[in-house]
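Listed here are the chains, written in short residue letters.
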Amino acid sequence: MNGFDHIGVVGAGAWGTALAQAAAKTGRRVTLWARESEVAEAINTARENTAFLPGARLDAAIQATPHLVELAECDVALVVTPAQHTRAVLGDLAPHLREGAPVVLCSKGIEQATLKLMTEVLAEVCPRTRAAVLSGPSFAIDVAKGLPTAVTLACADERAGRALMHALGSASFRPYYADDLIGAEIGGAVKNVLAIAAGVVEGRGLGRSAHAALIARGFAELTRLGVAMGAKRETLAGLCGLGDLVLTCSSPQSRNMSCGIALGRGEALADILAARNSVTEGVATAPAVVALAERHGVEMPICESVSRVVSGDAHVDAAIEELLARPFRDEHA
Ligand SMILES: NC(=O)C1=CN([C@@H]2O[C@H](COP(=O)(O)OP(=O)(O)OC[C@H]3O[C@@H](n4cnc5c(N)ncnc54)[C@H](O)[C@@H]3O)[C@@H](O)[C@H]2O)C=CC1
Ligand SMILES: O=C(CO)COP(=O)(O)O
């Protein structure tokens, strides 16, 4: 064992459960906080999270609990709550965080009310914590089943970041160290918005060429915002940016893409969201991305269209028409 012997995971949705499983596979003790006591109960007794990650048998080293106080002994906390709820959960977690224990933010979204990244929320709520970000192309069920996956693990403190990489990594779950937290966060947040657009392309039957164009032009938007906010281009072109964009824009298994597919087929957003118990991060993050783009003076027409559609300000067809009517321009402007 090379440190971080006891791993805390905050949030037992699909991703928190999968990360708990990946950590348990390294031989570490894992405490997993579930907001719902019945989820904790099911994990501890049936060894399955039937509510959020059915079909994955969970390691006996994972102890689930509905009480955050039980994370007090953990050497590190992985925070895996939906972005819009992360501030509240961090507030409840703060008194139980062990002095010096890093917090690894694993959610992919921007706080809509404040336009803050998760690292900024953490800095406000738990000011003396070392932050890390884990983000990349990784469906929860793939990780839980031990299929090969690679993610970015960003931490400004290089020693802590590399130690976390070794603690969480295994042959099948492969974190790559980076020092660029902003890049890791922007990649994960913006790709969800673009995946909704990719779903619309699919659901409206606009063809594979439009799909490829959407990914390439979407990546240009993601890069523009990231660079304006201080991210490194190579981070955005890596696992947590381009890698996750390609995965999420190409897999109907993605909640964001499947939401877009349903929108493209003419379903109403409220009905789509009401039919699922899982989070579709791009819906709340889309208006935040547009507001950040305005603040930083960058153009993000695809994200703007998604924002207008999910906010009910534009019909899907009108949004597509507007995008196609944009003036011709230099590709790399
Ligand atoms: N599922 C996946 O494959 C991946 C998800 N993520 C990210 O992980 C984060 C969590 O997503 P999932 O684990 O998929 O969630 P999920 O969609 O499986 O489950 C919803 C989660 O939200 C929690 N929740 C609902 N209301 C809440 C509230 N008021 N306060 C706190 N928590 C509340 C539920 O307890 C549950 O844990 C998201 O930011 C997502 O983008 C990142 C990588 C992969
Ligand atoms: O982030 C993910 C894969 O990397 C999961 O995407 P969805 O939230 O769209 O399902």
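Everything numeric here is computed off the predicted structure, so don't read it as measured data.

Overview of the pairing of strand 4 (residues 76–79)
Stage number 1. Burial along strand 4 is two-sided: the face carrying V76 and L78 and the face carrying A77 and V79 are both buried.
Stage number 2. In terms of strand pairing, strand 4 meets strand 5 (residues 103–105) through 3 bridges, oriented parallel. Residue pairing across strands places A77 opposite V103, the latter belonging to strand 5.
Stage number 3. Read from strand 4 through helix 3 (residues 83–93) to strand 5, the crossover connection turns out right-handed.

Comments concerning the site of ligand 1
Stage number 1. Around ligand 1, a shell composed of 22 residues is seen, among which A14, W15, E36, V279 and E281 lie nearest.
Stage number 2. Contacts to ligand 1 include R35, whose side-chain N or O atom sits 3.3 Å from a nitrogen atom.
Stage number 3. Within the side chain of H85, a nitrogen or oxygen atom sits 3.4 Å from a nitrogen atom of ligand 1.
Stage number 4. Taken by itself ligand 1 offers 820 Å² of open surface, and the protein chains cover 88% of this.
Stage number 5. Those elements giving two or more residues to the shell around ligand 1 turn out to be helix 1 (14–25) and helix 3.
Stage number 6. Residue classes in the shell around ligand 1 are distributed as 11 nonpolar, 6 polar and 5 charged.

Some points on the nonpolar core
Stage number 1. The biggest cluster of nonpolar side chains holds 45 residues, and the ones touching the most others in it are V190, L194, L225, L263, V289 and M300.
Stage number 2. Of all elements in the fold, only helix 7 (181–203), helix 8 (208–228), helix 10 (239–250), helix 11 (255–264), helix 12 (269–274), helix 13 (281–296), helix 14 (301–310) and helix 15 (316–324) reach the threshold of two or more residues within this core.
Stage number 3. The element contributing the most residues to this core is helix 7, with 11 residues.
Stage number 4. If sequence neighbours within four positions are ignored, L225 has contacts with I186, V190, V289, L292, A293, H296, V298 and M300.

Observations regarding the environment of A288
Stage number 1. Its place among the elements puts A288 in helix 13.
Stage number 2. Overall, A288 belongs to the buried group, its relative accessible area being 1%.
Stage number 3. When the C-alpha atoms of A288 and K116 are compared, they prove to be 8.7 Å apart, with 172 residues separating the residues in sequence.
Stage number 4. Setting aside residues up to four positions removed in sequence, A288 forms contacts with I110, E111, Q112 and L115.

Comments concerning the UniProt feature "active site" (unreviewed entry) in the protein chain
Stage number 1. When the UniProt feature table is mapped to this numbering, "active site" (unreviewed entry) covers K191.
Stage number 2. The topology assignment puts K191 in helix 7.
Stage number 3. With relative accessibility at 5%, the residue K191 sits in the buried group.
Stage number 4. Contact partners of K191, with chain neighbours within four places excluded, come to K108, I186, L222, D244, L245 and T248.
Stage number 5. Engagement of the side chain of K191 in a polar contact is seen with the side chain of N192, the distance being 2.5 Å.

What to know about the site of ligand 2
Stage number 1. Neighbouring ligand 2 are K108, G136, P137, S138, F139, K191, D244, L247, T248, S254, R255 and N256.
Stage number 2. In the environment of ligand 2, an oxygen atom lies 2.8 Å from a nitrogen or oxygen atom belonging to the side chain of K108.
Stage number 3. Separating an oxygen atom of ligand 2 from a side-chain N or O atom of K191 is a distance of 2.7 Å.
Stage number 4. Protein chains shield 93% of the accessible area of ligand 2, which is 300 Å² for the free molecule.

Brief notes about the environment of G260
Stage number 1. Structurally, the position occupied by G260 is in helix 11.
Stage number 2. With relative accessibility at 0%, the residue G260 sits in the buried group.
Stage number 3. Separated by 64 residues in the primary sequence, G260 and I196 place their C-alpha atoms 4.2 Å from one another.
Stage number 4. If we ignore the near neighbours within four places in the chain, the residues touching G260 are I196, G199 and V200.

Rules and cut-offs
- Residues numbered from 1 in each chain as written.
- Chains lettered and ligands numbered in written order.
- Predicted model: local features only at pLDDT ≥ 70, side-chain atom pairs only at ≥ 80, totals over all residues.
- Heavy atoms only, no water.
- Buried < 20%, exposed > 50% of the residue type's maximum accessible area, 1.4 Å probe, protein only.
- Helix = DSSP H or I, 4+ residues; strand = E, 2+ residues; numbered from the N terminus.
- Pairing = 2+ DSSP bridges.
- Right-handed = clockwise from strand over helix to strand, strands pointing away.
- Near = heavy atom within 4 Å.
- Polar contact = N/O pair within 3.5 Å; in protein donor to acceptor, adjacent residues only side chain to side chain.
- Areas by Shrake-Rupley, 256 points an atom, 1.4 Å probe, with all protein chains shown as cover.
- Nonpolar A, V, L, I, M, F, W, Y, C, P; charged D, E, K, R; others polar.
- Core = buried A, V, L, I, M, F, W, Y, C linked by side-chain atoms within 4.5 Å.
- Contact = heavy atoms within 4.5 Å.
- UniProt positions renumbered as here; feature names shortened; annotations may be inferred.

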